Amino acid sequence: MERRSVLKWAVRGIGLATAAMVGFPTLIAGFAPVWQRRPGKESWQAIGTVDDFPLGEMRKIVVTLPEEPWGAALREKAVYAWRPSEQEAIVYSRSCTDLGCPLTFDPGSQCFFCPCHGGIFDKNGERLAGPPRRPMYRFATRIVNGEIRIDLHSVPLMA
Ligand code: FES
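Residues numbered from 1 in each chain as written. Predicted model: local features only at pLDDT ≥ 70, side-chain atom pairs only at ≥ 80, totals over all residues. Heavy atoms only, no water.

Caption draft 1: Here's a closer look at the packing of aromatic side chains. Overall, the coordinates contain 4 aromatic pairs when judged by the stated rule. With centroids separated by 5.1 Å and ring planes inclined at 70 degrees, the aromatic side chains of Y80 and F112 adopt a geometry described as edge-to-face. Here Y80 is found in strand β3 (residues 76-85), whereas its partner F112 is found in strand β6 (residues 111-113), with 32 residues between them in sequence. The class for Y80 is buried, based on a relative accessible area of 5%. Taking 5.6 Å as the distance between ring centres and 75 degrees as the angle between the ring planes, the aromatic pair formed by Y92 and F112 counts as edge-to-face. Here F112 lies in strand β6 and Y92 lies in strand β4 (residues 88-93), a separation of 20 residues in the sequence. Each member of the pair Y92 and F112 is classed as buried. Every member of this aromatic cluster is reached through a ring pair, and the members are Y80, Y92, F105 and F112. One residue, R142, lies across the ring of W44, its end atom 3.8 Å from the ring centre. (Phe/Tyr/Trp six-rings, centres within 6.5 Å; stacked < 30°, edge-to-face > 60°. Helix = DSSP H or I, 4+ residues; strand = E, 2+ residues; numbered from the N terminus. Buried < 20%, exposed > 50% of the residue type's maximum accessible area, 1.4 Å probe, protein only. Lys NZ or Arg CZ within 6 Å of the ring centre and 35° of its normal.)

Caption draft 2: Expanded view of unusual backbone geometry. The phi dihedral of Q110 falls on the positive side, at around 60 degrees, and the residue is not glycine. Within the fold, Q110 resides in the loop between β5 (104-106) and β6. Note on Q110: relative accessible area 29%, which makes it partly exposed. Backbone geometry places N145, a non-glycine residue, at a positive phi of 50 degrees. Residue position: N145 is located in the loop between β9 (140-144) and β10 (147-151). Note on N145: relative accessible area 79%, which makes it exposed.

Caption draft 3: Summary view of the pattern of salt bridges. For the structure shown, the criterion picks out 5 salt bridges. In this structure, E86 engages R83 in a salt bridge whose closest nitrogen and oxygen atoms are separated by 3.6 Å. Between R138 and E88 there is a salt bridge, with its nearest N and O atoms 3.4 Å apart. Here E88 lies in strand β4 and R138 lies in the loop between β8 (127-129) and β9, a separation of 50 residues in the sequence. (Salt bridge = Lys/Arg side-chain N within 4 Å of Asp/Glu carboxyl O.)

Caption draft 4: The side chain of S95, seen in detail. By secondary structure assignment, the location of S95 is in the loop between β4 and β5. Taking the relative accessible area as the measure of exposure, S95 reaches 12% and is therefore buried. Residues contacting S95, with those up to four places away along its chain left out, are G100, C101, L103, Y137, M158 and A159. (Contact = heavy atoms within 4.5 Å.)

Caption draft 5: Inspection of the sheet that holds strand β1 (residues 44-49) at higher detail. Strand order across the open sheet formed by 3 strands is β1-β10-β9, with antiparallel pairing between neighbours. With one partner strand each, in any of the chains shown, β1 and β9 form the two edges of the open sheet. Sheet twist, expressed as the average angle between the axes of neighbouring strands with direction ignored, equals 30 degrees. (Pairing = 2+ DSSP bridges. Axes fitted to C-alpha atoms, helices over the stretch in contact; angles between N-to-C directions.)

Caption draft 6: Structural context of the state of the cysteines. Scanning the model with the defined rule gives 1 disulfide in all. Residue C101 pairs covalently with C116 via a disulfide, S to S 1.9 Å. Across the S-S bond linking C101 and C116, the dihedral sits near -90 degrees, which makes this disulfide left-handed. Taken together, the positions of C101 in the loop between β4 and β5 and C116 in the loop between β6 and β7 (120-122) put the pair 15 residues apart, joining distant regions of the chain. The exposure class of C101 is buried, given its relative accessible area of 16%. (Disulfide = S-S within 2.5 Å.)

As far as function goes, none of this settles anything; it's purely spatial.
Spelled out as structure tokens, the structure:
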């Protein structure tokens, strides 16, 4: 190999390494707000009454986000909700915690399945299998006068 050729590849390698060192953190910083929770800015929304959610039964519902900066068609978000007891409601984002694919609940196995890379979560949102490293995104909830409310800002923006 000629000396000129070696130098050419060395310069390319250094250029690529420099671009990666600068570009990767910039990319992460740019997308970070999309995946972070938004503490201190609550946005409570009713999703139904306790009568809409029989004890122990998982329900998939669609909530409309009131103020997100996306187009109207993107403001609808599917969530899964259930009540393990009279005093408690649990509401999950439908987005997988791996790369955000939409989860599906299987009533037979009582598990959530991700179609993308095989992620599986149990009914409590805990990871059972696959690449996700964390449990399902879970909304903060309140039951007020029989009405179930969720804080839309208690999960990351894209969840
Ligand atoms: S996006 Fe769900 S397992 Fe990868």
